[in-house]
Amino acid sequence: MIRSHHRHLLWDWNGTLVDDLDLCVDIVNGMLGRRQLPRIDVPAYHAQFDFPVRGFYERLGFDLQGDAFAELSQEFIGEFDARRLEAQLHDGVDALLARVTASGREQSILSAHRQVTLHEIVALRGIDRHFSTMAGLDDAHAHGKIDRGHALVQELALPPQSLILVGDTLHDLEVARALGIDCVLVARGHHAKERLRASGARVVDDLRELGEAL
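Residues numbered from 1 in each chain as written. Predicted model: local features only at pLDDT ≥ 70, side-chain atom pairs only at ≥ 80, totals over all residues. Heavy atoms only, no water.

K.L.:
How would you summarise the sheet that holds strand E7 (residues 182-186) if you had to cite specific residues and measurements?
P.N.:
Strand order in this open sheet of 6 strands is E5-E4-E1-E6-E7-E8, and the pairing throughout is parallel. Two strands bound the open sheet, and with one partner strand each, they are strand E5 (133-137) and strand E8 (202-204). Within this sheet the neighbouring strands show an average axis-to-axis angle of 25°, counted without direction. With 4 bridges connecting them, strand E6 (residues 163-167) and E7 associate as parallel partners. The residue of E7 that forms the bridge with Ile164 is Asp182. (Pairing = 2+ DSSP bridges. Helix = DSSP H or I, 4+ residues; strand = E, 2+ residues; numbered from the N terminus. Axes fitted to C-alpha atoms, helices over the stretch in contact; angles between N-to-C directions.)

This is the structure in structure tokens:
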């Protein structure tokens, strides 16, 4: 899973290291409620959430004509930023990151979170010392992070076989395949375990299991 040749771990942030699933579902339900659209629960969110987020909004019934998608993106990000401290790290994150560092490996974050707030929130959680690089996106539209991933791999200047991406969604698997690197998915975030396993990816139940695989 994580082998001796994996010398640098690329971590997704939302859903993988920080447990923000319930917060995201609550924010989306507020947006749906303000438009008299049906609310969703976690299983429905797990089934429909994906990147690019525009398609997710369409599946939920939002009207995306004109500039509505940009407005929806800003509405979500505005409330998420205001409530960002409600989401706590998954259990054992700090200890796991410390264990990875102690093993001689390096670590970075590759996230769809906005770059402007990624450094701040990671530092507020007290784990920024573990990462050599934190790579987020430069807008609020969450189109995906393949391009940012390519740029990060170039910045790191490491052979693909030395990298492994740890994420929580099928998009993380898509990113890893596009970058030509290994991937392991944690079934504690924005996609359900059954959906992750159906992809053929390597899946662990939680970060504890991932730590045991080091």
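K.L.:
Account for the nonpolar core, naming residues and giving values.
P.N.:
Formed by 51 residues in total, the largest nonpolar core has its most connected members in Trp11, Trp13, Tyr57, Phe76, Val122, Phe131 and Leu210. Examining the composition of this core, we find that 8 residues originate from one element, helix H1 (residues 21-33), more than from any other. Residues within four places of Phe131 in sequence aside, it is in contact with Trp11, Leu17, Leu97, Gln107, Ser108, Ile109 and Val122. Leu163, Leu173, Ile181 and Val203 belong to the second-largest nonpolar core, a separate cluster that totals 19 residues. (Core = buried A, V, L, I, M, F, W, Y, C linked by side-chain atoms within 4.5 Å. Buried < 20%, exposed > 50% of the residue type's maximum accessible area, 1.4 Å probe, protein only. Contact = heavy atoms within 4.5 Å.)

K.L.:
Tell me what's going on with the packing of helix H7 (residues 146-156) against helix H8 (residues 170-179), and back it up with residues and numbers.
P.N.:
Direction vectors running N to C along H7 and H8 enclose 45°, while the axes themselves pass 9 Å from each other. Taken together, the axes of H7 and H8 lie oblique to each other. Crossing of H7 against H8: the hand is right-handed. Along its contact with H7, which presents Ile146, Gly149, His150 and Val153, the element H8 presents His171, Glu174, Val175, Ala178 and Leu179. (Parallel < 35°, antiparallel > 145°, perpendicular 65-115°, else oblique. Left-handed = near helix turned anticlockwise from the far one by under 90°.)

K.L.:
Can you break down the pattern of salt bridges residue by residue, with the values?
P.N.:
Within the structure shown, the criterion is met by 18 salt bridges. As a salt-bridge pair, Asp172 and Lys145 come within 2.8 Å of each other at their nearest N and O atoms. With Asp172 in helix H8 and Lys145 in the loop between E5 and H7, the pair connects residues that are 27 residues apart, well separated along the chain. Of the two residues, Asp172 and Lys145, both sit in the buried class. We note a salt bridge from Arg208 to Glu212, for which the minimum N-O separation is 2.7 Å. Residue Arg208 and its partner Glu212 are both found in helix H10 (residues 207-212); the two are separated by 4 residues, about one turn of the helix. (Salt bridge = Lys/Arg side-chain N within 4 Å of Asp/Glu carboxyl O.)

K.L.:
Please provide a residue-by-residue account of the environment of Glu86, values included.
P.N.:
Inspection of the secondary structure assignment puts Glu86 in the loop between helix H4 (68-83) and strand E3 (88-89). Sequence spacing of Glu86 and Asp19 is 67 residues, and the spatial spacing of their C-alpha atoms is 9.4 Å.

K.L.:
Would you mind going over unusual backbone geometry in detail, with residue names and values included?
P.N.:
For the peptide bond that leads from Phe51 to Pro52, omega is -5°, which places it in the cis range. Notably, Gln36 is not glycine yet its phi reads approximately 55°, a positive angle. Mapped onto the secondary structure, Gln36 falls in the loop between H1 and helix H2 (42-48). With a phi angle near 55°, Ala157 is a residue other than glycine that sits in the positive phi range.

K.L.:
Give me empty space enclosed by the protein: which residues, what numbers.
P.N.:
Evaluated as defined, the whole model comprises 2 cavities of 30 Å³ or more. Forming the boundary of the second largest cavity are Trp13, Asn14, Val18, Asp20, Phe80, Arg84, Ala87, His113 and Ile121. Each residue belonging to the lining of the second largest cavity can be placed in one class, and the counts come to 5 nonpolar, 2 polar and 2 charged. (1 Å grid on protein atoms, 1.4 Å probe; cavity = no way out; pocket = protein on both sides within 12 Å on 5 of 7 lines; lining within 4 Å. Points joined across faces, edges and corners; volume = space filled by probe spheres on them. Nonpolar A, V, L, I, M, F, W, Y, C, P; charged D, E, K, R; others polar.)

K.L.:
Summarise H4; cite the residues concerned and give the values.
P.N.:
Across its 16 residues, H4 extends 23 Å between first and last C-alpha, which sits within 8% of the 22 Å expected from 1.5 Å per residue. All of the buried residues in H4 are Ala68, Phe69, Leu72, Ser73, Phe76, Ile77, Phe80, Asp81 and Arg83. In this fold, the buried residues of H4 make contact with H1, helix H3 (53-60), strand E4 (106-114) and helix H6 (115-124). (Expected span 1.5 Å × (residues − 1).)

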